[in-house]
Amino acid sequence: MNDSILDRSAHSDRQLASFDLTVGARVRTTTSHDDGGAHSEAPEFVSGVIVDDFGEVLTPHDHYGRDWARTKRWSIALDSGQLVFRHGEELVPEL
């Protein structure tokens, strides 16, 4: 997921710079129902709470000898009840 998918334009540069990703912070991210088919749905913006930070236990991705399927740092409990994992650049503060 890149910045063009996650709408950071709704946030000022000051809001993004002062936003600390911490357990308990409310965030927004996107999820999609992309099944790879012609009828895949557009990304959906969803809200949730950061419930865990795996930053201290992550191994640099080059340790695995690959650069795909990188481990994600943050776990987020979405308001829908789903648990998702994201990189910091995939999160914005909930306004």
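The rules behind these values
Residues numbered from 1 in each chain as written. Predicted model: local features only at pLDDT ≥ 70, side-chain atom pairs only at ≥ 80, totals over all residues. Heavy atoms only, no water. Salt bridge = Lys/Arg side-chain N within 4 Å of Asp/Glu carboxyl O. Helix = DSSP H or I, 4+ residues; strand = E, 2+ residues; numbered from the N terminus. Buried < 20%, exposed > 50% of the residue type's maximum accessible area, 1.4 Å probe, protein only. Patch = residues over 30% accessible without salt bridge, like charges linked within 9 Å, V, L, I, M, F, W, Y side chains within 5 Å. Areas by Shrake-Rupley, 256 points an atom, 1.4 Å probe, with all protein chains shown as cover. Pairing = 2+ DSSP bridges. pLDDT = per-residue confidence, 0-100. Contact = heavy atoms within 4.5 Å. Polar contact = N/O pair within 3.5 Å; in protein donor to acceptor, adjacent residues only side chain to side chain.

Participant: Just give me the short version of the pattern of salt bridges, but keep the residues and values in it.
Facilitator: As enumerated under the stated definition, the model contains four salt bridges in all. The closest approach of N and O atoms between Arg26 and Glu94, which form a salt bridge, is 2.6 Å. Of this pair, Arg26 sits in strand β1 (residues 26–31) while Glu94 is found in the segment after β5 (92–93), placing the two residues 68 residues apart along the sequence. Classification of Arg26 by relative accessible area gives partly exposed; the value is 33%. One salt bridge connects Lys72 with Glu90, and the closest N-O pair in it is separated by 3.5 Å. Placement of Lys72 in the loop between β2 (44–53) and β3 (74–78) and of Glu90 in the loop between β4 (83–86) and β5 is noted, with a sequence separation of 18 residues between them.

Participant: Requested: an account of a nonpolar patch on the surface, with residues and values cited.
Facilitator: On the surface, a cluster of nonpolar side chains totalling about 270 Å² of accessible area is made up of Val51, Leu83 and Phe85. Here Phe85 is to be found in strand β4.

Participant: For the sheet that holds β3, give the residues involved together with the corresponding values.
Facilitator: What the five strands build is an open sheet, ordered β4-β3-β2-β1-β5; its pairing is antiparallel. Two strands lie at the open edges of the sheet, namely β4 and β5, each paired on one side alone. As paired strands, β1 and β2 are joined by six bridges and run antiparallel to one another. By the bridge assignment, Thr31 is partnered in β2 with Glu44.

Participant: I'd love a proper account of the confidence of the model for the chain, names of residues and values included.
Facilitator: Looking at the chain as a whole, the pLDDT averages 75, with 58% of positions reaching at least 70. Per-residue pLDDT, averaged within each element of the chain, yields its smallest value for helix α1 (residues 13–18) (57) and its largest for β3 (95). Predicted confidence for residues 1–5 stays below pLDDT 50, and this span has nine contacts to residues more than four positions away or in other chains.

Participant: Explain the side chain of Glu90 to me, and be specific about the residues and the numbers.
Facilitator: Judged by relative accessible area, which is 3%, Glu90 ranks as buried. Within the structure, Glu90 has its side chain in polar contact with the side chain of Lys72 (distance 3.5 Å).

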